Structure formats: structure tokens, C-alpha cells
Amino acid sequence: MPISRRILGRQAATSLYSRSKGQSLSYDTVGMTLVPGDAAVPEGYREHTASAVVGSGDDVFRRVGYTVMHYGLQREAGFDVKSQHAAVTEGARVAMAVPTVWPLAVVAVAEVVDVVATGRSTGFALGTLESHPVRGEELITVTHHDDDRVEVTIRTITQPARWWARLGAGSQRRAVRKQLRAAERAAAAPSTDLALLG
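Caption draft 1: Highlighting the overall build of the protein. Within the protein, the regular secondary structure consists of four helices and eight strands. Across the protein, helices and strands are ordered from the amino to the carboxyl terminus as β-α-β-α-α-β-β-β-β-β-β-α. Sequence separation of at least 24 residues holds for 61% of the intrachain contacts in the protein that already meet a minimum separation of 6.

Set out below in C-alpha cells:
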């Protein structure tokens, strides 16, 4: 049952990882969030994209990119995150407790299915496993545009995997907004302030 307390202790995270070992990704179109437009959106799935310009310049791009690649947006958004590696690594599994009604949270394990590192863009895509309450992917990218803008984009392509997950469709969008606000805080933080860097 993916309902738990809001803080994941080491033992709880280890138990989640152990239970997820035999699980596969819960959807077929792996990498679909990286394909522009609606072509890769499977029937029955919903696509949602939100973005925010968080600043400009190389320093902001590096700072926010570092935050993203150390799960800093999720942590700053109030999620408790336990990963197999401190930095995002393709193939790694990540346990998260996403707050709902105090003191409960939805707890699930996802897998890093792709890493974006093009020089002008940094980010990663998370894919759901069979025990996850939804099916699909979330892609987070930080892009340094030619006009010097730094933009964070979060794209989800998902569908409910549990009946009660249909009731939380709005909470997924709220979680995206929280992560974008966390990106804005990371962009504004002094370079020496590591508190927002994961």
C-alpha cells in the first residue's frame, strides 16, 4: 500500500528498494516525454507541460542544473527523496514520499530512464514502476537559451494506475508548480549557498 508517513527512514527506503527489485516499468513507451508534441502520447494518457524562466546567464544555468541533477527540486518542493546515488544516474531507482493530508504521504519508487546532457540542456526523466499509483513519465529539464534565458520545464505523460489516483489529478499539477517555484529559489540563491543544491 503506497500510503505512509511523510519522512522515509533508511529502513523504509531499503524496504521499498527491495520490493521494487522484481518490478519492471509500468508502461511501454519509455522515453516518451523526450519526444516533442503529441506523437508519443499513448491513448489514455494525459500530457501536461509547465515551464518557468528562472533567470539568465551561465551561473544560473549551472546552479539550477546542479539542483535538478541532485533531486533538489523535489526536496525543496517538500518531497522526501531517497536515491541509490546522490546525483541522478540513469537506471537508478528513487523512492519518494509526496505529502498529501498530514501526516500522510504517497510513497512510490521510480526509475531514472534517461539523462539529458546536451551542453545547453540538463535534466532527466523518471519512469514509474508496477507498484506506482500512476503510470508514465516525468521529464525535468533546464535549458540555457541563445538569448541567455534559463528555463525550467517539467513535462508529464501519465494515467492513473489505481482508482484512488484519479482523485489526485490536481495534486500532480500542484507538485509540478512547487518544483518550478523551487527552481526559482535555487536560481536566486547565492553561489555559496548549498542549502538549495540538494
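After that view of the structure, there is still more to cover.
Caption draft 2: Broad picture of the pattern of salt bridges. The final tally for this structure, using the stated rule, is seven salt bridges. Residue arginine 93 is joined to glutamate 111 by a salt bridge in which the shortest nitrogen-to-oxygen separation is 3.0 Å. Residue arginine 93 is found in strand β4 (residues 93–99), and its partner glutamate 111 is found in strand β5 (residues 104–117); the two are separated by 18 residues along the sequence. Across the pair, exposure class does not vary: arginine 93 and glutamate 111 are buried alike. For aspartate 147, the salt bridge goes to arginine 149, with nearest N and O atoms at 2.8 Å.

Caption draft 3: Quick peek at the packing of aromatic side chains. What the rule picks out here adds up to one aromatic pair. Seen from their ring centres, tyrosine 71 and phenylalanine 124 are 5.7 Å apart, and the 75° between their planes marks the pair as edge-to-face. Of the two residues, tyrosine 71 sits in the loop between α2 (58–68) and α3 (72–76) while phenylalanine 124 sits in strand β6 (residues 121–128), which places them 53 residues apart along the sequence. Looking at tyrosine 71, the relative accessible area reads 0%, which means it is buried.

Caption draft 4: Spotlight on the side chain of threonine 128. Residue position: threonine 128 is located in strand β6. Within the structure, threonine 128 has its side chain in polar contact with the side chain of serine 26 (distance 2.6 Å). Here glycine 136 takes part through its backbone nitrogen, which lies 2.9 Å from a polar atom of the side chain of threonine 128. Contact partners of threonine 128, with chain neighbours within four places excluded, come to Ser24, Leu25, Ser26, Tyr27, Val134, Arg135 and Gly136.

Conventions adopted
Residues numbered from 1 in each chain as written. Predicted model: local features only at pLDDT ≥ 70, side-chain atom pairs only at ≥ 80, totals over all residues. Heavy atoms only, no water. Helix = DSSP H or I, 4+ residues; strand = E, 2+ residues; numbered from the N terminus. Contact = heavy atoms within 4.5 Å. Salt bridge = Lys/Arg side-chain N within 4 Å of Asp/Glu carboxyl O. Buried < 20%, exposed > 50% of the residue type's maximum accessible area, 1.4 Å probe, protein only. Phe/Tyr/Trp six-rings, centres within 6.5 Å; stacked < 30°, edge-to-face > 60°. Polar contact = N/O pair within 3.5 Å; in protein donor to acceptor, adjacent residues only side chain to side chain.

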